[in-house]
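Residue-level listing of the chains:
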Amino acid sequence: MGADLSKRLVPDELWELAAPLPPTFGTSPATAHRRFTVWTEAGLWRRLHRAVLDELGARSEVDWASAMVDAASVRARRGDR
């Protein structure tokens, strides 16, 4: 069941796109957390998101009719209403 879920969430084609982006992952929870933090600060998730959007856009598979923006992706500006 876990393998089926992981294949649905990250199919081989997506993994091939994403695999070159992150450096080698550590084994301990402390190392994993530290590397996740470093990757976040280095903009890995933004680059991964862009790589997926670029690939989907090249295939004309991005449906911009439905889009969602959340506070984790876009910073709110002060004073705007």
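Each chain carries its own residue numbering, running from 1 in the written order of its sequence. Thresholds applied to this predicted model are a pLDDT of at least 70 for local features of residues and 80 or more for the giving and counting of side-chain atom pairs; totals over whole chains, interfaces and linings are not thresholded and use all residues. As a convention, hydrogens and water are excluded, and side-chain values are obtained from all of the structure's heavy atoms.

What about the overall build of the protein?
Part 1 of the reasoning: From N to C terminus, the protein includes four helices and zero strands.
Part 2 of the reasoning: In sequence order, the protein lays out its α and β elements as α-α-α-α.
Part 3 of the reasoning: Exposure categories follow from relative accessible area, calculated using a 1.4 Å probe and restricted to protein chains: below 20% of the type maximum is buried, above 50% is exposed, and the middle band is partly exposed. Counting every position in the protein, which comprises 81 residues, the buried fraction comes to 10%.
Part 4 of the reasoning: Accessible area for the protein stands at about 7400 Å²; split by element, carbon and sulfur atoms hold 58% of it. Only DSSP runs of H or I with at least four residues qualify as helices, and only runs of E with at least two residues qualify as strands; both kinds are numbered from the N terminus onward. Calculation of accessible area relied on Shrake-Rupley with a 1.4 Å probe; when residues are assessed, cover is drawn exclusively from the protein chains displayed.

With respect to the pattern of salt bridges
Part 1 of the reasoning: Basic side-chain nitrogens of Lys or Arg form a salt bridge, by our definition, when they fall within 4 Å of a carboxyl oxygen of Asp or Glu. Applying the stated criterion to the full structure yields four salt bridges.
Part 2 of the reasoning: Two residues, Arg 59 and Glu 13, come together in a salt bridge whose shortest N-O distance is 3.0 Å. Taken together, the positions of Arg 59 in the segment after helix 4 (44–58) and Glu 13 in helix 2 (residues 12–18) put the pair 46 residues apart, joining distant regions of the chain.
Part 3 of the reasoning: Its relative accessible area of 33% is what places Arg 59 among the partly exposed residues.
Part 4 of the reasoning: A salt bridge links Asp 54 to Arg 50; the nearest nitrogen and oxygen atoms lie 3.5 Å apart. Highlighted residues: Asp 54 and Arg 50, both in helix 4, separated by four residues, approximately one helical turn.
Part 5 of the reasoning: Residue classification places Asp 54 among the partly exposed positions, given a relative accessible area of 43%.
Part 6 of the reasoning: One network of salt bridges, with partners in common, ties together Glu 13, Glu 55, Arg 59 and Glu 61.

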